[in-house]
Amino acid sequence: LFLGWIVFCGLGSATVLHRYVSHRSIEIKSWLEKPLLLLGTLCAQGTPIWWAGVHRSMHHKYADKAGDPHSPKDGIFHAYIGWLHSKGIDNINPRHVKDIYKNPFHLFLNKYYIPIIWSFLLFGLWLSPQFTLWFWIVPAAWSFHQEAIVNISCHSGWFGVRKFATDDNSYNLRWLGLLTWGQALHNNHHHDSTSFSFAKEKEIDPAIIFKALIEK
C-alpha cells in the first residue's frame, strides 16, 4: 500500500499527470515517456489528454470563477466529484492540448483507455487479487481523492497562507502538502505553474524526489 501510494499518488498523479502532461514543467527521458504515461493512465482519473485538458482549460484558466469545475464555490460535493457530471466536461477542445494531441501514444491511450484499465485489472486479479488491491486499486482510487481534497482545502479559504496575490482563492497548506506530494502548496503553484517544485523557501515538496529519476 505504501509503495502503491508512492507510485500512483506521487509519481503517477502528482508528477506525471499534473506536472509533466498538464504543465510540461519537466522534460523526461525519452525511454521513460511511454511507461510513465501508461502509469498516469492507470491512476484511473481519465486519460492523460483529458486530464490535461480539464486542468489547463478549466481549472487554471477560470480558477475560482465560472467555468472552474474544481472550485468549492459551487459546493463541496460538486468540487469533490459532482464536476465529473458537468455539461461539456468530456468535450475537451484539442487546441488546449495541441502540444500533446498529435502524440500517437497519447491518442492510443485516449482511444483505448477503458480496455487498458480492464485488461490490467483482469490480469492483476488473475496474478494476485491481494497484491492488485493494495498496490494498485486502493492507491489509484486515493490518487483521485488526493486531488479532490487539495482542490477543496486549498481553494476554500478556511485556512492556509497566501504568499502570492493570485487572481484566485488559492492557499498553501504545508502539512497537507507533505501528505499529497506537494500538491497542497497550491498558491505557489497557481502563482507559477511552470515550476516543477511547488515549494518556496522553508517549504518541502516531496515530489522533488522524482525529478532526478525521470528528468532528461
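For the structure itself, consult the block above.
Every value quoted in this text rests on a predicted model; they were computed, and no experiment measured them.

## Remarks on the overall build of the protein
Here comes step 1: Helix and strand counts for the protein stand at 11 helices and 0 strands.
Here comes step 2: From first element to last, N terminus to C terminus, the protein shows the α and β order α-α-α-α-α-α-α-α-α-α-α.
Here comes step 3: Seen through its principal axes, the protein has C-alpha atoms that stretch 50 × 35 × 35 Å.
Here comes step 4: Within the span of the protein, comprising 216 residues, buried residues form 52% of the whole.

## Some words on the environment of serine 13
Here comes step 1: Locating serine 13 in the fold gives a position in helix α1 (residues 2-22).
Here comes step 2: Take serine 13: its relative accessible area is 0%, and that puts it in the buried class.
Here comes step 3: With 167 residues separating them along the chain, serine 13 and threonine 180 place their C-alpha atoms 9.9 Å apart.
Here comes step 4: Contacts of serine 13, omitting those with residues within four sequence positions, involve Phe8, His18, Cys43, Gln45, Ser143, Gln146 and Glu147.

## A word on the nonpolar core
One recurring pattern in soluble globular proteins is that nonpolar side chains are buried together.
Here comes step 1: Judged by nonpolar contacts, the single largest core of 34 residues is most densely connected at Leu11, Val21, Leu36, Leu37 and Ile214.
Here comes step 2: Listing elements by their share of this core, those giving two or more residues are α1, α2 (30-41), α3 (48-60), α6 (104-111), α7 (113-127), α8 (129-155) and α11 (208-214).
Here comes step 3: Broken down by element, this core gets its largest block of residues, 8 residues, from α1.
Here comes step 4: For isoleucine 214, the contacting residues outside a window of four places in its chain are Leu11, Thr15, Ile26, Glu27, Ile28, Lys29, Leu32 and Leu36.

## Topic: the packing of aromatic side chains
Here comes step 1: Scanning the model with the defined rule gives 11 aromatic pairs in all.
Here comes step 2: Summarising the aromatic geometry, the rings of tyrosine 80 and phenylalanine 144 are spaced 6.5 Å apart at their centres and angled 70° between planes, so their arrangement reads as edge-to-face. Linking tyrosine 80 in helix α4 (residues 76-80) with phenylalanine 144 in helix α8, this pair joins segments that are 64 residues apart in sequence.
Here comes step 3: Ring centres 5.0 Å apart and planes at 20° place the aromatic pair phenylalanine 131 and phenylalanine 135 in the stacked group. Taken together, the positions of phenylalanine 131 and phenylalanine 135, both in helix α8 and 4 residues apart, correspond to about one turn of that helix.
Here comes step 4: On the basis of relative accessible area, phenylalanine 135 is assigned to the partly exposed category, the value being 25%.
Here comes step 5: Its guanidinium or amino end placed over the ring of phenylalanine 196, arginine 19 lies 5.5 Å from that ring's centre, counting from NZ or CZ.
Here comes step 6: One cation-aromatic arrangement involves arginine 162 over tyrosine 171; the distance from NZ or CZ to the ring centre is 5.6 Å.

## Focus: the pattern of salt bridges
Between side chains of opposite charge, a pair can form when the charged atoms approach closely.
Here comes step 1: Going through the model one piece at a time under the given rule, you end up with 8 salt bridges.
Here comes step 2: Residue lysine 216 pairs with glutamate 27 through a salt bridge whose shortest N-O separation is 3.7 Å. On the criterion of sequence distance, the pair formed by lysine 216 in the segment after α11 and glutamate 27 in the loop between α1 and α2 is long-range, its members being 189 residues apart.
Here comes step 3: Among the residues examined, glutamate 27 registers a relative accessible area of 53% and is labelled exposed.

## Examining unusual backbone geometry
Here comes step 1: A positive phi is found at arginine 24, a non-glycine position, where the angle reads about 50°.
Here comes step 2: Residue arginine 24 is classed as partly exposed on the basis of its relative accessible area of 36%.
Here comes step 3: Phi at alanine 44 is positive, roughly 60°, even though this residue is not glycine.
Here comes step 4: Considering the arrangement of structural elements, one finds alanine 44 in the loop between α2 and α3.

What counts, and where the lines are drawn
- Residues numbered from 1 in each chain as written.
- Predicted model: local features only at pLDDT ≥ 70, side-chain atom pairs only at ≥ 80, totals over all residues.
- Heavy atoms only, no water.
- Helix = DSSP H or I, 4+ residues; strand = E, 2+ residues; numbered from the N terminus.
- Buried < 20%, exposed > 50% of the residue type's maximum accessible area, 1.4 Å probe, protein only.
- Contact = heavy atoms within 4.5 Å.
- Core = buried A, V, L, I, M, F, W, Y, C linked by side-chain atoms within 4.5 Å.
- Phe/Tyr/Trp six-rings, centres within 6.5 Å; stacked < 30°, edge-to-face > 60°.
- Lys NZ or Arg CZ within 6 Å of the ring centre and 35° of its normal.
- Salt bridge = Lys/Arg side-chain N within 4 Å of Asp/Glu carboxyl O.

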